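# Geometric and topological summary
Below, each chain spelled out in residue letters.
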Amino acid sequence: MAADSRVVVVGGGLAGCACALGLAGRGVEVTLLEAGSTLGGRVQSVNLKGMERGIDNSQHAAFRVYGRFLQLLATCDAREIIKLQKRTTLPYLEVEKGRISIVKSGRLPPPNHLAVSLMKAKFLSLGDKLAMQKAVKALQRMSEEKRRSLDDTPFIEWLQENGQTERAIQRFWDPLVKAALNIDSEQASTSVACFLFRRGLFGDPDAFDVGSFTSDLSDSISPALRRTLARTGVEVRTS
Ligand SMILES: Cc1cc2nc3c(=O)[nH]c(=O)nc-3n(C[C@H](O)[C@H](O)[C@H](O)COP(=O)(O)OP(=O)(O)OC[C@H]3O[C@@H](n4cnc5c(N)ncnc54)[C@H](O)[C@@H]3O)c2cc1C
């Protein structure tokens, strides 16, 4: 796009703000239109009567693998609103048994960095774990071309075809799919889910370091986005 273009971006959620900042950074004149009164879209807090502080509507969790989101926060000088784990530590709570298994990264290189703690974890049986090893191998073997061709295949089908047990799906695959993609394995595209697990969980040793927010989302995200958009020369019109 030519630097002297003029662009109107409709919607001031994360996508619209990132788009406006990216274009403005390339010298494009940008106007951002937002129907609401704040920026950040679904990333905001809801104030309920009787509560001392707002409850976050979305982005309950973030992971280190969310590179673009973290980059957007850094651009807005708001990186400190997320605290990331120094080492992947994923607790699995079994309410009925009152016990917690911790899956954490160890010294082995990916894709085996979680293998030792997964082998010890009590929330999965030996059969579940052996089946999971099979899926990890299939993920590793899958070509990019094959992965892209599976966009219309629900991830649950791929998991079942690759011998995953009901318990491994319920306790391991599905919670991670829900956390990262906001949908369950029945709805998630195999292509996107395989991208997540290949690049994330079994590709990069720190991809699934969990990040938690250190402050109320509306108070931190909207003003930071507004400040940065103004600094970059984007004209922002909210209601
Ligand atoms: C309950 C919930 C929990 C979530 N939890 C997580 C999580 O734990 N981790 C995670 O990574 N993600 C989570 N998400 C997802 C994440 O919040 C969204 O994917 C992301 O915020 C979407 O950003 P967006 O900019 O694409 O859309 P939106 O945030 O929906 O922004 C769209 C914006 O466009 C505006 N708009 C729409 N139409 C017009 C119009 N005609 N004119 C002007 N403005 C318009 C809207 O007002 C809105 O501000 C969650 C989402 C929800 C709802």
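## Brief notes about the side chain of S101
Following the sequence through the fold, S101 ends up in strand β8 (residues 99–104). For S101, a relative accessible area of 6% translates into the label buried. Of the polar contacts made by the side chain of S101, one reaches the backbone nitrogen of F123; its length is 3.5 Å.

## Notes on the sheet that holds strand β2 (residues 29–33)
Pairing is parallel across the open sheet formed by 3 strands, whose spatial order is β1-β2-β10. In the strand order of this sheet, the two ends are held by β1 (6–10) and β10 (235–237), each with one partner. Averaged over neighbouring strand pairs, the angle between their axes works out to 15° when direction is ignored. Note: β2 against β10, 3 bridges, orientation parallel. Paired with L33 across the two strands is R237, which belongs to β10. In this fold helix α1 (residues 14–25) packs onto β1 and β2, with an angle of close to 165° to the strand it touches most, β2.

## Structural notes on the pairing of β1
In β1, alternate side chains face the same way, and those of V7 and V9 are buried while those of R6, V8 and V10 on the opposite face are not. The pairing of β1 with β2 spans 5 bridges and is parallel. Considered in β2, the bridge of V8 is made with T31. In this view, the connection linking β1 to its parallel neighbour β2 by way of α1 has right-handed handedness.

## A few points about the nonpolar core
In terms of nonpolar packing, the biggest core is built from 66 residues, with I82, F155, W158, F172, W173 and F197 touching the most fellow members. There are two domains that each give this core at least three residues, and those are domain 1 (6–59 + 216–237) and domain 2 (87–208). Discounting residues that sit within four places of it in the chain, I82 has contacts with A62, F69, L70, L73, G211, S212, F213 and T214.

## Side note on the side chain of R147
Note on placement: R147 falls in helix α5 (residues 144–149). At a separation of 3.0 Å, a polar atom in the side chain of R147 contacts the side chain of E144. In contact with R147, other than residues within four places in its own chain, are M142, S191, C194, F195 and R198.

## Description of a positive patch on the surface
Together, R87, K104, R107 and K120 make up a positively charged patch on the protein surface. As for its placement among the helices and strands, R87 is situated in the loop between β6 (82–84) and β7 (89–94). Residue class for R87 comes out partly exposed when judged on its relative accessible area of 42%.

## A closer look at the packing of aromatic side chains
The geometry of an aromatic ring pair is captured by two quantities: the separation of the ring centres and the angle between the planes. In total, this model carries 9 aromatic pairs according to the counting rule given. Between F69 and F213, the aromatic rings sit 6.4 Å apart at their centres with planes inclined by 55°, giving tilted as the arrangement. A residue pair is termed long-range when its members are at least 10 positions apart, and F69 in helix α2 (residues 67–75) and F213 in strand β9 (residues 210–213) qualify at 144 residues. Residue F69 is classed as buried on the basis of its relative accessible area, which comes to 10%. Where F155 meets F197, the ring centres are 5.8 Å apart and the plane angle is 15°; that geometry is what we call stacked. A residue pair is termed long-range when its members are at least 10 positions apart, and F155 in helix α6 (residues 155–161) and F197 in helix α8 (residues 190–201) qualify at 42 residues. Judged by relative accessible area, F197 falls into the buried class, the value being 0%. Aromatic ring contacts, followed pair by pair, group F155, W158, F172, W173 and F197 into a single cluster.

Basis of the calculations
Residues numbered from 1 in each chain as written. Predicted model: local features only at pLDDT ≥ 70, side-chain atom pairs only at ≥ 80, totals over all residues. Heavy atoms only, no water. Helix = DSSP H or I, 4+ residues; strand = E, 2+ residues; numbered from the N terminus. Buried < 20%, exposed > 50% of the residue type's maximum accessible area, 1.4 Å probe, protein only. Polar contact = N/O pair within 3.5 Å; in protein donor to acceptor, adjacent residues only side chain to side chain. Pairing = 2+ DSSP bridges. Axes fitted to C-alpha atoms, helices over the stretch in contact; angles between N-to-C directions. Contact = heavy atoms within 4.5 Å. Right-handed = clockwise from strand over helix to strand, strands pointing away. Core = buried A, V, L, I, M, F, W, Y, C linked by side-chain atoms within 4.5 Å. Domains from an automatic or database assignment. Patch = residues over 30% accessible without salt bridge, like charges linked within 9 Å, V, L, I, M, F, W, Y side chains within 5 Å. Areas by Shrake-Rupley, 256 points an atom, 1.4 Å probe, with all protein chains shown as cover. Salt bridge = Lys/Arg side-chain N within 4 Å of Asp/Glu carboxyl O. Lys, Arg positive; Asp, Glu negative; His and termini not counted. Charge placed at Lys NZ, Arg CZ, Asp CG, Glu CD. Phe/Tyr/Trp six-rings, centres within 6.5 Å; stacked < 30°, edge-to-face > 60°.

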